[in-house]
Amino acid sequence: MATKTAPQDIETTVMEALAQFGADPDVLTRDATLEEVDVDSLDLVELTQVIEDKYDIDLENADFKNVKTVGDVIDLVVERVG
Amino acid sequence: MTLHDVVITGVGAVTPLGVGARELHERWAAGVCGICDGEAPCADFTVTDHMTTKEARRADRSTQFAIAAGDEALADAGWADELPYDAELVGCVLGTGIGGIATIENNHDTLRDTGPGAVSPLAVPLMMSNAGSAALSLRHGLRGPVFSVVSACAAGSHAIGTAVRMIQHGEAEAVVTGGAEAPLTPLSRAAFAKMNALSASGISRPFDARRDGFVMGEGAGVLVLENGDAARARGARILGTVRGYGSTGDAHHITAPQKEGRGGARAMTIALQDAGLTPEDVDYVNAHGTSTQLNDRAETLALKLALGERAREIPVSSTKSATGHLLGAAGAVEAIATILALRDRIAPPTIGWEEPDEGLDLDYVPGTARPLALSNGKPAVALSNSFGFGGHNATLCLQAA
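The following refers to the structure shown. (Residues numbered from 1 in each chain as written. Chains lettered and ligands numbered in written order. Predicted model: local features only at pLDDT ≥ 70, side-chain atom pairs only at ≥ 80, totals over all residues.)

1. Thoughts on the overall build of chain B
Piece 1. Along its length, chain B carries 14 helices and 13 strands.
Piece 2. For 401 residues, the compact-globule estimate of 2.2 N^0.38 gives 21 Å, and chain B sits close to it at 20 Å.
Piece 3. Evaluated residue by residue, chain B yields a buried proportion of 60% over its 401 residues.
Piece 4. Long-range pairs, those at least 24 residues apart, make up 81% of the contacts in chain B between residues at least 6 apart in sequence. (Helix = DSSP H or I, 4+ residues; strand = E, 2+ residues; numbered from the N terminus. Rg over C-alpha atoms; globule rule 2.2 N^0.38 Å. Buried ≥ 20, exposed ≤ 12 C-beta atoms within 10 Å, placed from the backbone. Contact = placed C-beta atoms within 7 Å.)

Below, the structure written as structure tokens:
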């Protein structure tokens, strides 16, 4: 998976994962805060697992320190996948 | 010190007879059996009817049953909108035999097949044996004493007994209590089968000469118990009273009951003494009655030891003839079935009982439910027994309102 991944693909992966975890699809947008879509620390650990598996990168808890919105999560992954 | 009396104000159940305490009570009384192909699943249970996707993903099947039964029990008690007491005085004690075994098995498969990195971050909160009490505490904001008890097939009754003591001693004004189990998994099936505990014929017929083991089932039972004075002061509908509780250990064998049923008999005697009652006051016994050779014989002897001649005069029936054996949920589901039977003044049947076994000569209520023979119009009293591997014995003494 070292080949370049389109940001759109990552956004779709994150959105689908959060929806699968039970986030309400009606409020699940880039601008929504994690609190608004009821995403907590356990969801982030699960999301990390999905992303690491799909894009072969390592994410730590600390990487999510400044993450506030769904868009922040997507941008973080896009940056790390490069 | 004067102990507070403890009343039952709400009940909820998910069982192989359906979703709801009413389904449990009415279908058992009507002689319906929830066993299908040698197992007793909760086939009518649809998790999304009871909770969100997120809540469902964060709960093992056993906890999902507890949540659904808990919602029903709290609504039944009139607690659906808000707690009638300070949340810090409302506890939750649930029993389970195994905990989240499906979660353990699924994650072990993942570990073996894919490696440690693929194990779910939700594995621990789902598989821990205290998940049920934690889930109900979170869902309803219960901030009093909250924990789970583990004593194999006696866990449901131990949970209720523990809740009773908390209320009696003023540690809690009310306790949400009961038990939950979801053991219909490959490892659990194989393990119980390998120790010859499961019925080879797939039939649960407690106390019948042809009984050949228990039929495994799943489900949950939840009761709302309240301090009697507090419940009456708020005008609660009272279903019945937990009059007494007795708990003993066999110290005999890891799986077999003591042959003469001495440990079980002591639990019954202690429960009656705790209730301030005598064997003459008992109108019905909801037996542990698993359909294993050993339990049903030892329990019959225990009943004779504890109740003397009275044991031959009163109906003794087993809910497990209709639901199979719900392990750590059994005591709770059976306490609910018992209090509703007492309310309606009936003894539900031991379904499938036909052939008497030598020495098993009590009135096991064959065929159909029958009215309880009650003298002097007093509220009906019953004992409900639960015995678990490890030699754990627990008896509840219940009385209709």
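2. Overview of the nonpolar core
Piece 1. The biggest cluster of nonpolar side chains holds 120 residues, and the ones touching the most others in it are Ala66(B), Val175(B), Leu223(B), Leu225(B), Ala271(B) and Ile336(B).
Piece 2. It is helix H14 (residues 330–343) of chain B that provides the largest number of residues to this core, a total of 10 residues.
Piece 3. Dropping the residues within four chain positions of it, Ala66(B) is found in contact with Leu94(B), Gly132(B), Ala135(B), Leu136(B), Ala180(B), Ala220(B) and Val222(B).
Piece 4. Formed by 16 residues, the second largest nonpolar core is a distinct cluster that contains Ile10(A), Val37(A), Val73(A) and Val77(A). (Core = buried A, V, L, I, M, F, W, Y, C linked by C-beta atoms within 7 Å.)

3. Overview of the interface of chain B and chain A
Piece 1. Facing 6 residues of chain B, the contacting portion of chain A comprises 7 residues.
Piece 2. Taken together, the residues that form the side of chain B that touches chain A break down as 2 nonpolar, 2 polar and 2 charged. (Nonpolar A, V, L, I, M, F, W, Y, C, P; charged D, E, K, R; others polar.)

4. Here we look at the packing of helix H1 (residues 7–20) of chain A against helix H2 (residues 41–55) of chain A
Residue and element names in this part refer to chain A.
Piece 1. Relative to each other, H1 and H2 sit at 145 degrees, their axes nearing to 10 Å. Here the hand of the crossing between H1 and H2 comes out right-handed. Between H1, through Thr13, Val14, Ala17 and Leu18, and H2, the contact on the second element is made entirely by Leu47, Val50, Ile51 and Lys54.
Piece 2. When grouped by side-chain class, the residues that make up the contact of H1 with H2 number 6 nonpolar, 1 polar and 1 charged. (Axes fitted to C-alpha atoms, helices over the stretch in contact; angles between N-to-C directions. Left-handed = near helix turned anticlockwise from the far one by under 90°.)

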